Amino acid sequence: MKNTPHRIAILILAAGASTRMGKPKQLLSWKDTTLLGHAIQTAKSADAIEVVTVLGANAKLIQSQIKEKAIFIQNTAWQSGLGGSIACGTEWLLKSDIDFDGILIMLADQPLIDFRYLNTLIATSVEQTDRIIATAYKNRAGVPAIFPIKYVDMLLNLNEDFGAKHLLEQERDTVITVSAGNRISDVDTEEDYKQLKNKSEFKN
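Residues numbered from 1 in each chain as written. Predicted model: local features only at pLDDT ≥ 70, side-chain atom pairs only at ≥ 80, totals over all residues. Heavy atoms only, no water.

What is the right way to look at the pairing of strand β5 (residues 71-74) in this model?
Two faces, one strand: in a regular strand the side chains alternate between the faces of the sheet. Pairing geometry for strand β4 (residues 50-55) and β5, over 4 bridges, is parallel. Each bridged residue has a counterpart across the sheet, and for L55 the counterpart in β5 is Q74. Read from β4 through helix α2 (residues 59-65) to β5, the crossover connection turns out right-handed. (Pairing = 2+ DSSP bridges. Helix = DSSP H or I, 4+ residues; strand = E, 2+ residues; numbered from the N terminus. Right-handed = clockwise from strand over helix to strand, strands pointing away.)

Would you explain the layout of surface pockets in this entry?
Empty space among the atoms can be located by rolling a probe the size of a water molecule over them. By volume, the largest pocket amounts to about 920 Å³. Forming the boundary of the largest pocket are 37 residues, of which K25, L82, L107, D109 and D188 lie nearest the centre. Elements with a minimum of two residues in the lining of the largest pocket: β1 (8-14), α3 (81-95), β8 (141-148) and α6 (164-170). The greatest single-element share of the lining of the largest pocket, amounting to 5 residues, is contributed by α3. Taken together, the residues of the lining of the largest pocket sort by class into 15 nonpolar, 14 polar and 8 charged. (1 Å grid on protein atoms, 1.4 Å probe; cavity = no way out; pocket = protein on both sides within 12 Å on 5 of 7 lines; lining within 4 Å. Points joined across faces, edges and corners; volume = space filled by probe spheres on them. Nonpolar A, V, L, I, M, F, W, Y, C, P; charged D, E, K, R; others polar.)

How do you make sense of the packing of aromatic side chains when you look at a structure like this?
The description of an aromatic ring pair rests on the distance of the ring centres and on the angle between the ring planes. One pass over the structure, following the stated rule, counts 0 aromatic pairs. Across from the ring centre of Y137, 4.4 Å away, lies the NZ or CZ of R140, which sits over that ring. (Phe/Tyr/Trp six-rings, centres within 6.5 Å; stacked < 30°, edge-to-face > 60°. Lys NZ or Arg CZ within 6 Å of the ring centre and 35° of its normal.)

Any chance you could explain the pairing of strand β6 (residues 102-107) here in plain terms?
Buried residues dominate β6, accounting for 6 of its 6 residues. Judged by which residues are buried, β6 turns out to be covered on both faces: G102, L104 and M106 on one side and I103, I105 and L107 on the other are all buried. Bridging between β1 and β6 involves 6 bridges; their strand directions are parallel. Bridge assignment links I12 to a residue of β6, and that residue is M106. In terms of strand pairing, β6 meets β8 through 4 bridges, oriented antiparallel. The residue of β8 that forms the bridge with L104 is I146. (Buried < 20%, exposed > 50% of the residue type's maximum accessible area, 1.4 Å probe, protein only.)

See the structure below:
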């Protein structure tokens, strides 16, 4: 993490119950750590001023197993989905003494996302400080994404019915998308995990 003129705080969303996996996927082994630990390492290697991890389901278990030093907050209403966790993390940042210009939202279950890609998003945000910088998916924009501080009120109002996906669609005229190449792979099932881990080990 670096103290840069354009100050970006990172929120790692890790509050889900991993129902499709059948166990907390945040704690699945990845390289020399866990999926969540790897996400924290990646975020802390980027040009951000702070990294905050939002936990929810199995919060005590997960936090006790994570060896990386990090700020953990708990979304007690984690059942409200990613939107609720974004609102929870945004509220915490606003109440903290962290002086930030934007929030980069990333997921704990996209282990191919690396700090170089996060820095590409941040560098784009430096050039376009009033625009949302999002990741290009096939037919939409998604996370990781950076929301300038002027969007904090909208982030605070995200919930189960209106999440980041809806916000990106609503604000699509102000969104700049960046290609993540082949880095976008979510870990939702045991099969996803095995395939992605084999792919990663083969590359290494």
